[in-house]
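Spelled out from the first residue to the last, the chains are:
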Amino acid sequence: MSVPVFLAGREAFGGDETVLDGPEGRHAAAVRRLRAGERLDLTDGAGAVAECVVREALKDRLQLDVLKRYEVPAPAPRVVVVQGLPKGDRGELAVEMMTEAGVDRIVPWAAARSITQWKGDKVAKALGKWRATAREAGKQARRFHQAEVADLASTAQVEALLGRAALALVLHEEAVEPLSRVSLPADGEIVLVVGPEGGISEGELAGFVAAGAVPALMGSTVLRTSTAGVAAAAVLMARTGRW
């Protein structure tokens, strides 16, 4: 059975002993009920790892002995998914699954046909939910490089992101080239666009193609926007050797 993973600041990685406190420490001590002698791993979410054993469990924190410290290199190529805003709680579902699959960065996109629109105070609240979901999913998946949830992007910002990518892809039901046959780079960023429930508009598709994106097909079936990203990510992870 794999040991649990908790997030900690860089200050936790400097010596032979450390303390896990704050929200993570309270969760470990009061919810997970870790006790003396049990193993856990700490990570800063950017590749630093400390393998630890609990020396003493207190009410809201753990005193830890550090057994080993090391750095995990960032995976390559990076996989970035631009996710058209889904309705309801399907956004958190998409973030959870893509994080578990290994997606490095998730960019929420205010597409023209998105039923849900983040405006005003709703932006910060929705981003908070997506980021909390990614954080917890990353811990569950024992990721030492946490998935980043970017700020809400406009279509123009997505076009700029596609223009900088080593490979830019947009899932589209009228594409000719299957995702499984697109030539992939060994390094850099693969940026993949997933449309909302209403699909990607003709104008958005034209702008993405002009920015260098390649339309790609995900088979003969139509996937929900909340599952298309993780299905495509699985193809990319397998084909790049990350799985």
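Just so it is clear, the structure is predicted and the values come from calculations on it, not from any experiment.

Draft legend 1. Looking closely at the overall build of the protein chain. Assigned secondary structure in the protein chain consists of 6 helices and 11 strands. Here the protein chain has a C-alpha radius of gyration of 20 Å; the compact-globule value for 243 residues is 18 Å, and the two agree. Along the three orthogonal principal directions, the C-alpha set of the protein chain runs to about 60 × 40 × 30 Å. For the protein chain, the residues scored as buried account for 47% of the 243 residues in total. In the protein chain, of all internal contacts separated by at least 6 residues, the share reaching a separation of at least 24 is 72%. Of the roughly 11600 Å² of accessible surface on the protein chain, 50% is carried by carbon and sulfur atoms. Positive and negative side-chain charges in the protein chain, numbering 30 and 31 respectively, have mean positions lying 3 Å apart.

Draft legend 2. The packing of helix α4 (residues 155-164) against helix α5 (residues 202-210), seen in detail. At a minimum axis separation of 8 Å, α4 and α5 run at an interaxial angle of 30°. By the angle between their directions, the pair α4 and α5 is classed as roughly parallel. Where α4 crosses over α5, the handedness of that crossing is right-handed. Every residue of α5 that contacts α4 at Thr 155, Val 158, Glu 159 and Leu 162 is listed here: Glu 204, Gly 207 and Phe 208.

Draft legend 3. Seen up close, the sheet that holds strand β11 (residues 214-216). Spatial ordering of the open sheet is given by β8-β7-β6-β10-β9-β11, a layout of 6 strands whose pairing is parallel. The open sheet has two edge strands, β8 (148-149) and β11, and neither has a second partner. Examined bridge by bridge, strand β6 (residues 78-84) and strand β7 (residues 105-109) share 5 bridges and lie parallel to one another. The partner of Val 81 across the bridge, within β7, is Ile 106.

Draft legend 4. Representation of the pattern of salt bridges in the model. The tally for this structure, following the rule as stated, stands at 16 salt bridges. Between Arg 135 and Glu 136 there is a salt bridge whose closest N-O contact spans 3.9 Å. Given the relative accessible area of 36%, Arg 135 is considered partly exposed. Using a relative accessible area of 40% as the deciding quantity, one classes Glu 136 as partly exposed. The network of salt bridges with common partners includes Glu 24, Arg 135, Glu 136 and Lys 139.

Draft legend 5. Summary view of the pairing of strand β9 (residues 167-171). For β9, a buried count of 5 out of 5 residues is recorded, marking the element as mostly surrounded by other parts of the structure. Neither face of β9 is exposed, since Leu 167, Leu 169 and Leu 171 on one face and Ala 168 and Val 170 on the opposite face are all buried. With 4 bridges joining them, β9 and strand β10 (residues 189-194) adopt parallel strand pairing. Counted as the bridge partner of Val 170 is Val 193 from β10. The sheet contact formed by β9 and β11 spans 3 bridges and is parallel. Counterpart to Leu 171 in the pairing with β11 is Ala 216.

Draft legend 6. Here's a closer look at the packing of aromatic side chains. As enumerated under the stated definition, the model contains 2 aromatic pairs in all. Centre to centre, the rings of Trp 118 and Trp 130 are 5.1 Å apart; their planes meet at 85°, and the pair counts as edge-to-face. Taken together, the positions of Trp 118 in the loop between β7 and α3 (121-140) and Trp 130 in helix α3 put the pair 12 residues apart, joining distant regions of the chain. Of the two residues, Trp 118 and Trp 130, neither departs from the other in class, the shared state being buried.

Draft legend 7. A look at the side chain of Arg 105. Here Arg 105 is to be found in strand β7. Judged by its relative accessible area of 18%, Arg 105 is buried. Residues in contact with Arg 105, not counting those within four places in the same chain, are Arg 78, Val 79, Val 80, Val 81, Glu 148, Ala 150 and Leu 161.

Draft legend 8. Molecular detail of the sheet that holds strand β2 (residues 17-20). If you walk across this open sheet you meet the 5 strands as β1-β3-β4-β5-β2, and the pairing is mixed. The open sheet terminates on both sides in strands that have one partner only, identified here as β1 (5-7) and β2. Pairwise comparison of adjacent strand axes, ignoring direction, gives a mean angle of 40° for this sheet. With 3 bridges joining them, β1 and strand β3 (residues 39-43) adopt parallel strand pairing. In the sheet register, Val 5 faces β3, and the bridge partner there is Asp 41.

Parameters and conventions
- Residues numbered from 1 in each chain as written.
- Predicted model: local features only at pLDDT ≥ 70, side-chain atom pairs only at ≥ 80, totals over all residues.
- Heavy atoms only, no water.
- Helix = DSSP H or I, 4+ residues; strand = E, 2+ residues; numbered from the N terminus.
- Rg over C-alpha atoms; globule rule 2.2 N^0.38 Å.
- Buried < 20%, exposed > 50% of the residue type's maximum accessible area, 1.4 Å probe, protein only.
- Contact = heavy atoms within 4.5 Å.
- Areas by Shrake-Rupley, 256 points an atom, 1.4 Å probe, with all protein chains shown as cover.
- Lys, Arg positive; Asp, Glu negative; His and termini not counted.
- Charge placed at Lys NZ, Arg CZ, Asp CG, Glu CD.
- Axes fitted to C-alpha atoms, helices over the stretch in contact; angles between N-to-C directions.
- Parallel < 35°, antiparallel > 145°, perpendicular 65-115°, else oblique.
- Left-handed = near helix turned anticlockwise from the far one by under 90°.
- Pairing = 2+ DSSP bridges.
- Salt bridge = Lys/Arg side-chain N within 4 Å of Asp/Glu carboxyl O.
- Phe/Tyr/Trp six-rings, centres within 6.5 Å; stacked < 30°, edge-to-face > 60°.

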